[in-house]
Amino acid sequence: MISDESDRFNPRDPKPADAGKPSKSAKRREARKLATQALYQWHMAKHSLNEIEAQFRVDNDFTDVDGAYFREILHGVPAIRGEIDEALKPCLDTVLEELDPVELSVLRLSTWELLKRVDVPYRVVINEGIELAKVYGATDGHKFVNGVLDKLAPRFAKPK
């Protein structure tokens, strides 16, 4: 028996407005996942960015995705691909053209975040890159991505 009526669940009590909604970081994580796939497609198929974006928006549920961040990544990475690739080269033990296309897409996305999104802490960039490589990359691809980003991040990390 419940002695205090205030402890009882009342189904008529309204839930908070944001109950069950994904957080901003969760929406960004989903945006990064889709952007990785879209950047891979852009790299492999050479389709236009607008065509790829339209296809992804039709084929995927963007309810729990930061759509603006997805678009910013998708268009931002190719816009500065040369700068990104030059930043990556000193951190690689192989030539860029020999990298696995999935790992290259993850590294480009992560490098773009380090260069252009100073609001995202570098540790978050590294962790997100590793997780993307675990999901989409080769068996040990996440170890490679981790090593490259560990070398790259200190060059762009902002002092606190």
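Residues numbered from 1 in each chain as written. Predicted model: local features only at pLDDT ≥ 70, side-chain atom pairs only at ≥ 80, totals over all residues. Heavy atoms only, no water.

**What to know about unusual backbone geometry**
Part 1 of the reasoning: The backbone of Lys46 shows a phi angle near 60°, a positive value even though the residue is not glycine.
Part 2 of the reasoning: With respect to the secondary-structure elements, Lys46 resides in the loop between helix H1 (24-45) and helix H2 (49-59). (Helix = DSSP H or I, 4+ residues; strand = E, 2+ residues; numbered from the N terminus.)

**What to know about the pattern of salt bridges**
Part 1 of the reasoning: Taken as a whole and judged by the stated rule, the model has 15 salt bridges.
Part 2 of the reasoning: Across the pair Glu128 and Arg29 runs a salt bridge whose closest N-O atoms are separated by 2.9 Å. With Glu128 in helix H6 (residues 122-136) and Arg29 in helix H1, this residue pair connects regions lying 99 residues apart in the sequence.
Part 3 of the reasoning: Glu128 sits in the buried class, given a relative accessible area of 9%.
Part 4 of the reasoning: Owing to a relative accessible area of 35%, Arg29 belongs among the partly exposed residues under this scheme.
Part 5 of the reasoning: Through salt bridges with shared partners, one network takes in Arg28, Asp66, Glu72, Arg117 and Asp119. (Salt bridge = Lys/Arg side-chain N within 4 Å of Asp/Glu carboxyl O. Buried < 20%, exposed > 50% of the residue type's maximum accessible area, 1.4 Å probe, protein only.)

**Focus: the side chain of Arg32**
Part 1 of the reasoning: The topology assignment puts Arg32 in helix H1.
Part 2 of the reasoning: We classify Arg32 as buried; its relative accessible area is 3%.
Part 3 of the reasoning: Excluding residues that lie within four positions of it along the chain, Arg32 makes contacts with Tyr69, Ile73, Leu109, Glu113, Val120, Val124, Glu128 and Leu132. (Contact = heavy atoms within 4.5 Å.)

**Brief notes about helix H5 (residues 101-116)**
Part 1 of the reasoning: Spanning 16 residues, H5 covers 22 Å between terminal C-alpha atoms, matching the ideal 22 Å at 1.5 Å per step.
Part 2 of the reasoning: Across the 16 residues that make up H5, a large majority, 14, are buried.
Part 3 of the reasoning: Capping of H5 at its N-terminal end is provided by Asp100; its side-chain oxygen lies 2.9 Å from the backbone amide nitrogen of Val102. (Expected span 1.5 Å × (residues − 1). Polar contact = N/O pair within 3.5 Å; in protein donor to acceptor, adjacent residues only side chain to side chain.)

**A few points about helix H7 (residues 141-156)**
Note that an α-helix has 3.6 residues per turn; residues three or four places apart therefore point the same way.
Part 1 of the reasoning: The terminal C-alpha atoms of H7 lie 23 Å apart, and with 16 residues this matches the ideal 22 Å at 1.5 Å per residue to within 8%.
Part 2 of the reasoning: Taking the largest bend as the criterion, H7 deviates by roughly 25°, centred on Asp150, and proline Pro154 comes between one and four positions later. (Bend = angle between axes of the 7 residues up to and from the residue.)

**Quick look at the packing of H6 against H7**
Part 1 of the reasoning: Between H6 and H7, the shortest axis-to-axis distance is 8 Å and the interhelical angle comes to 160°. Considering the angle they form, H6 stands roughly antiparallel to H7. Here H6 and H7 pass one another in a crossing that is right-handed. On H7, the residues that touch Tyr122, Val125, Ile126, Gly129, Ile130, Ala133 and Lys134 of H6 are Gly141, His142, Val145, Asn146, Leu149, Asp150 and Ala153.
Part 2 of the reasoning: Residues that form the contact of H6 with H7 fall into these classes: eight nonpolar, four polar and two charged. (Axes fitted to C-alpha atoms, helices over the stretch in contact; angles between N-to-C directions. Parallel < 35°, antiparallel > 145°, perpendicular 65-115°, else oblique. Left-handed = near helix turned anticlockwise from the far one by under 90°. Nonpolar A, V, L, I, M, F, W, Y, C, P; charged D, E, K, R; others polar.)

**Examining the environment of Gln55**
Part 1 of the reasoning: Within the element layout of this structure, Gln55 appears in helix H2.
Part 2 of the reasoning: With a relative accessible area of 36%, Gln55 lands in the partly exposed category.
Part 3 of the reasoning: Among the polar contacts listed, one links the side chain of Gln55 to the side chain of Gln41, at a separation of 2.9 Å.

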